[in-house]
Amino acid sequence: MFRFALAALAILPAPLFAGTLTTVEVAPNTYAIEGPFGQRDAENLGNNATFGLIVTDEGAVLIDAGGTYKGAAALDEVIGTLTDQPVKYVIDTGGQDHRWLGNGYWKEHGAEIITSEGALADQKARASLELTMLDALVGEEALAGTEPVYADTTFDESYTLTLGGREIEITHPGPAHTPGDSFVWLPAEKVMFTGDIVFVGRILGVLDMSSSIGWVEAFEAMAAYEPAHVVPGHGPATDLATATKDTYDYLTNLRSQMADYIDEGGDIIGSVNVDQSQFEYLEDFDTLAKRNAQAVFSQMEWE
């Protein structure tokens, strides 16, 4: 088993044509491909997220497809700087656009797409809405070629893939940021790719389709593996302590504050004022904190 201190992670320069993507080798032949914070736009091609790559002697496995057809092509260019192996499998870890709307590119290039049944249902339910949103954010030119293309292989709770002697475990622990979120575990290297179950350095977003209580439980299921390295869905590769601070502690604090507020008879209008100040250091705090509070209030009111 290989373990690397975070300080020793190999940061590799992204090619100029990759634009906003950078790569970090978190374990031998195991990479985080990190997109920027901020909104989707024409420059990042919808890739405002973190992706993963697992390289073997028999091909590569990509964690999340990219936000558009051209976003997938940009990921492929980065992958070409890391390995000559073709991408044989793409694992969609959820239903957000950057997790799956690049599927069409990879399907054309011969990859098999894998996702949870929950993610597939979410993708089908929101495909039109996501494409409309992307058209407004990235523009027609950047969106060109992007079509909903769905997984070849689905699973309910877990799926194990073995390629080139590397065992890859995929688990859908339940709803989190989106209904079908999954994490991907490499037991030999103790590397965890979390998809949108973990946000690092940026405040997470509790959406209409999110489950704040399910998200807490999904994080706990992921953390029980005690990963040495965490590749989040947003932000840089990190350790479990940082992932816990930026995601789990944020969620549990917000839910605890909201439970007290509801018990005191508070309404949704005032819910935005619950104290989240200890997380002001997170990117986009001012934009999302109050919206998260109202979303969590709406969920907890009926728990």
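All of these numbers come straight from a predicted model, not from anything done at the bench.

> In this structure, what is going on with helix α1 (residues 69–80)? I would like to understand it.
In an α-helix, one full turn covers 3.6 residues, which means residues spaced three or four apart are oriented alike. Taking 1.5 Å per residue as the helical rise, α1 with its 12 residues ought to reach 16 Å, and the 17 Å between its terminal C-alpha atoms agrees with that figure. Among the residues of α1, Gly71, Ala72, Ala74, Leu75, Val78 and Ile79 are the ones counted as buried. Across the axial projection of α1, the buried residues extend over an arc of 155 degrees, all falling on one side. Residues of α1 that are buried in the fold lie against β2 (22–27), β3 (30–34), β4 (50–56), β5 (59–63), β6 (87–91) and α3 (103–108).

> Please clarify how the packing of helix α6 (residues 212–223) against helix α7 (residues 240–263) should be interpreted in this entry.
How two helices sit against one another is set out by the angle between their axes and by the gap between those axes. Packing of α6 against α7 brings their axes to within 10 Å, and their N-to-C directions diverge by 155 degrees. Here α6 lies roughly antiparallel to α7, going by the angle between them. For the element pair α6 and α7, the recorded crossing hand is left-handed. Of the residues in α7, those touching α6 at Ser212, Ile213, Trp215, Val216, Phe219, Glu220, Met222 and Ala223 are Leu240, Ala243, Thr244, Thr247, Tyr248, Leu251, Thr252 and Arg255. Broken down by class, the residue content of the contact of α6 with α7 amounts to 10 nonpolar, four polar and two charged.

> Is there a simple way to think about the sheet that holds strand β9 (residues 158–163) in this case?
Within a sheet, adjacent strands bond to each other through the backbone by hydrogen bonds, running parallel or antiparallel. The strand order β9-β10-β11-β12-β13 describes an open sheet built from five strands, whose pairing is mixed. The outermost strands of the open sheet, each flanked by one partner alone, are β9 and β13 (229–231). Strand-to-strand twist across the sheet, computed as the mean angle between neighbouring axes with direction ignored, equals 20 degrees. Pairing analysis gives three bridges linking strand β11 (residues 183–186) to strand β12 (residues 191–193), with the strands arranged antiparallel.

> What am I meant to see in the UniProt feature "domain: Metallo-beta-lactamase" (unreviewed entry) in the chain here?
Listed under "domain: Metallo-beta-lactamase" (unreviewed entry) in the UniProt record, and renumbered for this structure, are residues 48–234. For the annotated span residues 48–234, helix accounts for 32% and strand for 25% of the residues, and the straight-line distance between the end C-alpha atoms is 8 Å.

> For this particular structure, what's the right way to read the packing of α7 against helix α8 (residues 285–300)?
At a minimum axis distance of 10 Å, the contact between α7 and α8 shows a crossing angle of 60 degrees. Considering their axes alone, α7 and α8 lie oblique with respect to each other. When the axes of α7 and α8 are compared, the crossing they make is right-handed. Contacts from Tyr250, Leu254, Arg255, Met258, Ala259, Tyr261 and Ile262 of α7 reach α8 at Ala289, Asn292, Ala293, Val296, Phe297 and Met300. The residue makeup of the contact of α7 with α8, split by class, is 11 nonpolar, one polar and one charged.

> I keep staring at the pattern of salt bridges and nothing clicks. Help me out?
Any two side chains of opposite charge can pair if their charged atoms end up close together. Using the criterion set out here, one finds nine salt bridges in the structure. Two residues, Asp152 and Lys107, come together in a salt bridge whose shortest N-O distance is 1.9 Å. With a gap of 45 residues between them, Asp152 in the loop between α5 (140–143) and β8 (153–155) and Lys107 in helix α3 connect regions that are remote in the sequence. Relative accessible area serves as the criterion here: at 39%, Asp152 is assigned to the partly exposed category. Between Asp122 and Arg126 there is a salt bridge whose closest N-O contact spans 2.8 Å. Note that Asp122 and Arg126 are positioned in helix α4 (residues 117–138) at a spacing of four residues, about one turn of the helix.

> What's the story with the packing of aromatic side chains in this structure? I'm lost.
The description of two aromatic rings rests on the distance between their centres and on the angle between their planes. Under the criterion given, the structure shown has 11 aromatic pairs. Sitting over the face of the ring of Tyr281, Lys245 holds its NZ or CZ atom 4.7 Å from the ring centroid.

> What should I look at first to understand α6 in this one?
Spanning 12 residues, α6 covers 16 Å between terminal C-alpha atoms, matching the ideal 16 Å at 1.5 Å per step. In this fold, the buried residues of α6 make contact with β11, β12, α7 and α8.

> Hey, could you run me through the pairing of β5 in this one?
Within a regular strand, side chains alternate between the sheet's two faces. Among the five residues that make up β5, five are buried, leaving the element largely enclosed by the rest of the structure. Of the two faces of β5, the one carrying Gly59, Val61 and Ile63 and the one carrying Ala60 and Leu62 are both buried. By the bridge criterion, five bridges tie β4 to β5 in an arrangement that is antiparallel. Paired with Thr56 across the bridge in β5 is Gly59. The loop that links β4 with its antiparallel partner β5 comprises two residues. Direction of pairing for β5 relative to β6: parallel, over a ladder of four bridges. Within β6, the position partnered with Leu62 by the bridge is Val90.

Rules used throughout
Residues numbered from 1 in each chain as written. Predicted model: local features only at pLDDT ≥ 70, side-chain atom pairs only at ≥ 80, totals over all residues. Heavy atoms only, no water. Helix = DSSP H or I, 4+ residues; strand = E, 2+ residues; numbered from the N terminus. Expected span 1.5 Å × (residues − 1). Buried < 20%, exposed > 50% of the residue type's maximum accessible area, 1.4 Å probe, protein only. Arc of directions from axis to C-beta. Contact = heavy atoms within 4.5 Å. Axes fitted to C-alpha atoms, helices over the stretch in contact; angles between N-to-C directions. Parallel < 35°, antiparallel > 145°, perpendicular 65-115°, else oblique. Left-handed = near helix turned anticlockwise from the far one by under 90°. Nonpolar A, V, L, I, M, F, W, Y, C, P; charged D, E, K, R; others polar. Pairing = 2+ DSSP bridges. UniProt positions renumbered as here; feature names shortened; annotations may be inferred. Salt bridge = Lys/Arg side-chain N within 4 Å of Asp/Glu carboxyl O. Phe/Tyr/Trp six-rings, centres within 6.5 Å; stacked < 30°, edge-to-face > 60°. Lys NZ or Arg CZ within 6 Å of the ring centre and 35° of its normal.

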